[in-house]
Structures are given as C-alpha cells and as structure tokens.
Amino acid sequence: MGSNNMDNMDHECLHKVAIPPAKPFVRSLATTLKETFFPDDPFRQFRGQSPSRKLVLGLQYFVPILEWAPRYTFHSFKADLVAGITIASLAVPQGISYAQLANIPSIIGLYSSFVPPLVYAMLGSSRDVAVGTVAVASLLISSMLGKEVSPTERTKEYVQLVFTSTFFSGVFQASLGFLRLGFVVDFLSHATIVGFMGGAATVVCLQQLKSMLGLVHFTHATDLISVVRSVVTQVHEWRWESGVLGCCFLFFLLLTRYYSKKRPAFFWINAMAPLTSVILGSLLVYLTHAEKHGVEVIGHLKKGLNPPSMTELAFGSPHLMTAIKVGIITGIIALAEGVAVGRSFATFKNYHIDGNKEMIAFGMMNIAGSCTSCYLTSGPFSRTAVNFNAGCQSAVSNIVMATAVMITLLFLTPLFHYTPLVVLASIIISAMLGLIDYEAAIHLWKIDKFDFVVCISAYLGVVFGSIEIGLITAVVLSLMRVVISIARPRTFELGNIPNSTIYRSVDQYPNAAHVPGVLILQIDSPIYFANANYFRERISRWIYEEEDRVKTSGENSLQYIVLDLSAVGSIDTSGISMLDETRKNVDRRGLKLVLANPRSEVIKKLEKSKFIESLGEEWIYLTVGEAVGACNFMFHTCKQNQARVAFGAQDCNV
C-alpha cells in the first residue's frame, strides 16, 4: 500500500492503543499476589495508625468480639437472650440425634453444643450463625470411619478417630482462612451442594428406618439398594410400636413446620417442636414402660461438663490417614454450608461477613472442640434460620445457647434416660426433608442443563453409591466444566447494529449486518496454552465459512479479519504464538489481520514479543468501530487504485 494511503488511514484513526509503562518485577509480583490473596485489602485499616492502634486493630480483626462488644446494648441482649434460649431448645434434641447418626455416644452431641459456640462467638463475624452439629457431616463420619473401625465393637478407638478427624477438619479450615485460600471451597458449586445435600438427606432418612421400625440388626451400607434389602428381609422383626410412635411424632413435627411457614410470627412453634417431642416421648415411654416392649431408649447420660480429650487424639493410630481424609472432606462440606448460610442471612440484614474470618472461626472452634470431647460443628441452616427468626442481634445468642446446654449437662441429663430413639429418628427425618430442595433442582433445569446434570449426578451418586462417590462425581463434573470452558471458550461473529457504530454478536442480534469484505470475531476468554490451538483452528474455520458464504451470496470478497480482544484479559506465550501463526496464515490467504481493543496485559506482552512489530502498529485499533472504519477506507482506496491500474495507474498492494 502506498505511503499516501497510510497517511490517510493514520488521519482517520484518531485514537491510538497505548502500551502501559513497564513495572519492576517485584512490584508486579506484589500486585499479583495482593489481587490473588487479598482482594478485599484487609490491611487498609492499619495505614497511618500508631503502633498501639495497629495492635488494637489487629486484635479486633482476629477476635471480632473485641470490636463490637464495647457497643453492645442491653436492648440487644434481651433479643439475644430470647434467641439463645430458643435455639437451645433445638440444639439439645438435635445434638443427641446427630450423635446417634454419627454412631458416637449421645452425650458428645451435647458437648458439641457447649464449647464450639463459645469459641465462635469470640472469633466469628456473623451475627446470625448458630453453631451446632450437622447431619450430613455426622453421616460422612459414620460411613467413612465406620468402614475402618466398628463403632459398636471398638467404640473407644472409633471415638478417638472421630475426635482426630475433627481436629484435622479444624486445622484445614483455619489454614484456609489464615492463608487466604477460601476460593478452594468455591469449587463446590451451588449445583454440587444442592445435589449432594439432597442425596445425603435422603440417605440419612433411609438410615432412620432402623429406629422407626425398631430393628436391631441393620446394614452399615448407605446406598438405597442395601437399605431396602435390609428392611425387606427383616419384615418379621418390625416393631409396630416403634413405627406408630415414629409416624405420630414425624407428623407432629411436619405439621408444626408447615404452620410456622404459613404464619412466620409463630416460628417458635417449629423451633420448640423437637424439644416438645423429646419431652412427650420420654413421658410416654416412662409411663407405659414401652422400653420393655421393643422401644429403644437413649439410656444413661452422664452428668458434667466436657472432659478434656487432647490425650484421645489418635495421632499414632494406623488409621490416621483415614481420619485426615475424613477431616478434610467433612471440613470442606462444613465450611461450604457454614459460610454460605452466614452470607445468606447477612444479606437479609445488609451487613458483610468476612469469609476468611469465618474459616478461621470454624477452624479454631473445631480444634478447640476436638480437645474438649466435641465432634465436627458448623453453622447449620435449620438452627441459624431459627436464630434469625427469633430476632438475634449478635453472636451473644450462641453464648446464651451454650449456657443453656451447660445447665443441661450439669443438672438435666438424667431426664433424657427414657427418650426413645424413634423420636430422635423423627427429628432427624423432619430436619432432613428440608434439605431435599427439589425446587432448586427444577430451577437449575430451567436455567442451566449442565448444572442440573451435576446436581442429579451428585444426588444419584450418593443415593445409589456412597457419600464419597456422589461427592467425587459432582466435583469431577464441575471441574470438567471449568476445564471445558477454559479449553473450549466461545468465539462470536460480530455485525453492525443498523444506524450505529456498535458491533454485537449476530447470534444475539439477528438484525446486526455483516460488513462487506470484513470478518469481525470476538474472543471471549483469556488465551492460554490450554485453548491456543483451539482458537487457531476455530479462527481458520470462521474464515473458511465466511469465504463460502461470500461466494454463495455474491458479496465483495473477504479482505480483513478483525479480532476483538476486549474480553481477553491475559495471554501467555502459547497464545502469542497462536496469534503469530494466525497472522501468517491470514497473510498466505491474501488477507490482513487487524486487532481491536487489546487490554493492558495483552498489548504489553504483544509489544515485548515483537508481535506488534511484525503485524504493524497501524493494524491495531482502540475500538471495533475504528478498525472497521479503517478497513473500509483501505478497501475503497484499493478499489480506486485497481481502477487506476485498469487505466495504467500505479499498482496497489494490500
């Protein structure tokens, strides 16, 4: 092309793409690390402060109660007192029930509602989370550790492994918080959690058939087929007394939940229902001596506060690796539920919780719990919802709950001697039915079919396989989606919106017009080694298809390929090689490659790699509109020069 034409095109292009100034390596690395691990900039509050003030702020950061306690009022305490007593009425029966589910002594369930809530009240950043044991983690512990050590034949060793797995859960959770690695939990997608929780809830309900039917021998497997086989083959051992009692209490619990949902002001009815069931069931058994007619009861619960259990941590056990594995898996599940629940209720009250602080709080309370005869705790949705509806104002509601549990441990445990196991099974089933969120699954089907597949895979894997199979299946499918989205990202052909200089996808905007002689493509992701080859092949295919379309329609021949890089946030050396090969391929076909709106990181690397020098600065534009305008100018200029050639004018080379 002649120099006159270049001058004209430079005149048409008023905006030049700027190449950012180079930064020192250390500064660039520091910026990258800060964006990766400290996106919320937690150190900003320390700037410009005196050393003593920095010490105070540091203590308040890691121990949030020091920050809000001085502002705490008596009005807030009255609300927290009511909320704490309300959730204590739920914590006692749930603690006993979930301990039974984990195949550990019932008293450990009560211990776990005493120490961990006190630790969380000091370290947690949520005002609404109510700490306690969770059914899914209890099931995971019993199913995974129960395969290694029998909870009935080797009870002491089994309990030691439970404490040990809880310790490693806490270490793992706290490490994620201290190292700012909370994004690891994000790999459990919403679809994964919905399917996994639903499947686990189904399995938990199936396991309760043992108590509901009064069976003595029951399968240790958790899959549906094994449970159904165990139930069907023992029809002659079913106890009608347990069945009737269980169905009556389950109906009562579901009825109170339904009524509370219809009339939110009476939320306390649903909150008090489990404890009411325990009291009524215990009275009924005591008065009728039902324990002599096949109705199993809890039996003796020793009085007293949590005994220390540091010496019970089985670091020298041959099953230590299993305990670590169980601890990490249950730790991730507990974190995912606890943080998600905390964020959900924080949104309702319009305040922010720090995810990393929550991880530290959960981790420290489980470490402390493992040393005080507690097993894994988190922030279960059911208990937190009751706490929220009861009008809690701060984490003091957890302190009130722990105090109520302490009084129970000191004076009231003998009253639970006659509590029938079938009532505990009814409480568990009632709580688990709320975790089977079929509405969320239907919503996933409507919005995203792949998310629905992930959800159903997790559910079916848990129900027909095992807890581990369901979890692994869902996580693998979710990671496959991430890999596919990276390795096979989207590219779009852009067209011109009529009567404007706006260019949008022709699929999204069917009225967007093709620009004669110009193919405009938008790359919709960073360009890495994982997708560079795909982009190379896909761009070549776009060119073939456009040339075929042009031939069929009889339009002007293709002359320019415009790549819109506005969505390309970064590029590596493989991506730069791909662009260079694409440029050479385009040149061989007699076409010209044009770049539009390269981002800061991209243009900097293209300049360092000499790609801009080989392409030519004049072929890089700030916007797609400017790039197309320049291409049209060149295209029409070439046409005029070709006309001059016909009359003997100077040749024009594109």
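What comes next concerns the included structure.

What counts, and where the lines are drawn
Residues numbered from 1 in each chain as written. Predicted model: local features only at pLDDT ≥ 70, side-chain atom pairs only at ≥ 80, totals over all residues. Heavy atoms only, no water. Helix = DSSP H or I, 4+ residues; strand = E, 2+ residues; numbered from the N terminus. Rg over C-alpha atoms; globule rule 2.2 N^0.38 Å. Buried < 20%, exposed > 50% of the residue type's maximum accessible area, 1.4 Å probe, protein only. Contact = heavy atoms within 4.5 Å. Areas by Shrake-Rupley, 256 points an atom, 1.4 Å probe, with all protein chains shown as cover. Lys, Arg positive; Asp, Glu negative; His and termini not counted. Charge placed at Lys NZ, Arg CZ, Asp CG, Glu CD. Axes fitted to C-alpha atoms, helices over the stretch in contact; angles between N-to-C directions. Parallel < 35°, antiparallel > 145°, perpendicular 65-115°, else oblique. Left-handed = near helix turned anticlockwise from the far one by under 90°. Nonpolar A, V, L, I, M, F, W, Y, C, P; charged D, E, K, R; others polar. Phe/Tyr/Trp six-rings, centres within 6.5 Å; stacked < 30°, edge-to-face > 60°. Lys NZ or Arg CZ within 6 Å of the ring centre and 35° of its normal. Pairing = 2+ DSSP bridges. Right-handed = clockwise from strand over helix to strand, strands pointing away. Salt bridge = Lys/Arg side-chain N within 4 Å of Asp/Glu carboxyl O. Core = buried A, V, L, I, M, F, W, Y, C linked by side-chain atoms within 4.5 Å. Polar contact = N/O pair within 3.5 Å; in protein donor to acceptor, adjacent residues only side chain to side chain.

1. Brief notes about the overall build of the protein chain
Here's step 1: When its secondary structure is counted, the protein chain shows 27 helices and 6 strands.
Here's step 2: Relative to the compact-globule value of 26 Å for 654 residues, the protein chain shows a C-alpha radius of gyration of 33 Å, a clear excess of over 25%.
Here's step 3: Considered along the principal axes of its C-alpha atoms, the protein chain spans approximately 115 × 70 × 55 Å.
Here's step 4: Per-residue burial for the protein chain yields a buried fraction of 52% across its 654 residues.
Here's step 5: In the protein chain, 79% of the contacts between residues at least 6 apart in sequence involve partners at least 24 apart.
Here's step 6: Of the roughly 31000 Å² of accessible surface on the protein chain, 62% is carried by carbon and sulfur atoms.
Here's step 7: Looking at the protein chain, you have 53 positive and 48 negative side-chain charges, and the mean spots of the two groups are 6 Å apart.

2. A short note on the packing of helix α14 (residues 267–288) against helix α19 (residues 421–433)
Here's step 1: Following both chains from N to C, one finds α14 and α19 inclined at 165 degrees, their axes separated by 9 Å at the closest point. Put simply, α14 runs roughly antiparallel to α19. Handedness of the α14/α19 crossing: right-handed. Here P274, S277, V278 and G281 of α14 come into contact with α19, specifically with V423, L424 and I427.
Here's step 2: For the contact of α14 with α19, the residue count by class is 5 nonpolar, 2 polar and no charged.

3. A closer look at the packing of aromatic side chains
What describes a pair of aromatic rings is the distance from one ring centre to the other and the angle between the planes of the rings.
Here's step 1: Inspection of every chain in the model, using the stated rule, returns 13 aromatic pairs.
Here's step 2: Ring centres of Y120 and F362 lie 5.6 Å apart, and the angle between their planes is 25 degrees; on these two criteria the pair is classed as stacked. Linking Y120 in helix α7 (residues 115–123) with F362 in helix α16 (residues 355–370), this pair joins segments that are 242 residues apart in sequence. Each member of the pair Y120 and F362 is classed as buried.
Here's step 3: Ring geometry for W445 and F452: centres 5.1 Å apart, planes at 70 degrees, overall edge-to-face.
Here's step 4: The rings of Y61, F62 and F178 are connected pair by pair, giving a single aromatic cluster.
Here's step 5: Over the ring of Y351 we find R127, and its NZ or CZ is 4.1 Å from the ring centre.
Here's step 6: A cation sits over an aromatic face here: K449 above W445, 4.7 Å from the ring centre.

4. Topic: the sheet that holds strand β3 (residues 518–523)
Here's step 1: Within the open sheet, the 6 strands sit side by side as β2-β1-β3-β4-β5-β6. Their pairing is mixed. The outermost strands of the open sheet, each flanked by one partner alone, are β2 (503–505) and β6 (620–621).
Here's step 2: Pairing geometry for strand β1 (residues 491–496) and β2, over 3 bridges, is antiparallel. Residue pairing in the sheet places G495 in a bridge with R504 of β2.
Here's step 3: Across the face of the sheet, helix α24 (residues 573–588) comes into contact with β4 (560–564) and β5 (592–596) while running at roughly 140 degrees to β5.

5. Points about the pairing of β3
Here's step 1: Among the 6 residues of β3, 6 are classified as buried, and the element is accordingly described as predominantly covered.
Here's step 2: A two-sided burial pattern is seen for β3, the buried positions comprising V518, I520 and Q522 on one face and L519, L521 and I523 on the other.
Here's step 3: As judged from the 4 bridges shared by β1 and β3, these two strands associate in the antiparallel manner. Bridging from a neighbouring strand, F492 pairs with Q522 of β3.
Here's step 4: Where β3 lies against β4, 5 bridges are found, and the strand directions are parallel. Directly across from Q522, in β4, lies its bridge partner D564.
Here's step 5: Note that the unit made of β3, helix α23 (residues 532–553) and β4 has a crossover that is right-handed.

6. Quick word on the pattern of salt bridges
Here's step 1: Overall, the coordinates contain 13 salt bridges when judged by the stated rule.
Here's step 2: For the salt bridge of R481 with D451, the shortest nitrogen-to-oxygen distance reads 2.8 Å. Of the two residues, R481 is situated in helix α22 (residues 467–487) and D451 in helix α21 (residues 449–464); the sequence distance between them amounts to 30 residues.
Here's step 3: Using a relative accessible area of 31% as the deciding quantity, one classes R481 as partly exposed.
Here's step 4: Here K604 makes a salt bridge to E601, at a shortest N to O gap of 3.9 Å. Here K604 pairs with E601, and both are found in helix α25 (residues 600–608), just 3 residues apart, close to one helical turn.
Here's step 5: Its relative accessible area of 17% is what places K604 among the buried residues.

7. Some words on the nonpolar core
Here's step 1: By size, the foremost hydrophobic cluster in this structure holds 112 residues, and its most contacted members are I104, F196 and M432.
Here's step 2: No other element matches α19, which puts 10 residues into this core.
Here's step 3: Non-local contacts of M432, meaning those with residues more than four positions away in its chain, are made with Y98, A135, A201, V204 and C205.
Here's step 4: Of all hydrophobic cores here, the second largest spans 50 residues; its members include F492, I520, F535 and W619.

8. Regarding the environment of H417
Here's step 1: Examined against the element boundaries, H417 turns out to sit in the loop between α18 (396–412) and α19.
Here's step 2: Expressed as a C-alpha distance, the spacing of H417 and K551, which sit 134 residues apart in the sequence, is 87 Å.

9. So, the side chain of T330
Here's step 1: Tracing the backbone shows T330 in helix α15 (residues 320–349).
Here's step 2: Residue classification places T330 among the buried residues on the basis of a relative accessible area of 1%.
Here's step 3: For T330, the side chain forms a polar contact with the side chain of S169, separated by 3.1 Å.
Here's step 4: Of the polar contacts made by the side chain of T330, one reaches the backbone oxygen of V326; its length is 2.6 Å.
Here's step 5: Not counting residues within four places of it along the chain, the set of residues in contact with T330 comprises A137, L140, I141, S169 and L376.

10. Considerations on the side chain of R180
Here's step 1: Turning to its location among the elements, R180 is positioned in the loop between α9 (155–178) and α10 (190–207).
Here's step 2: The class of R180 is buried, set by a relative accessible area of 7%.
Here's step 3: Only 3.1 Å separates the side chain of R180 from the side chain of Y61, close enough to count as a polar contact.

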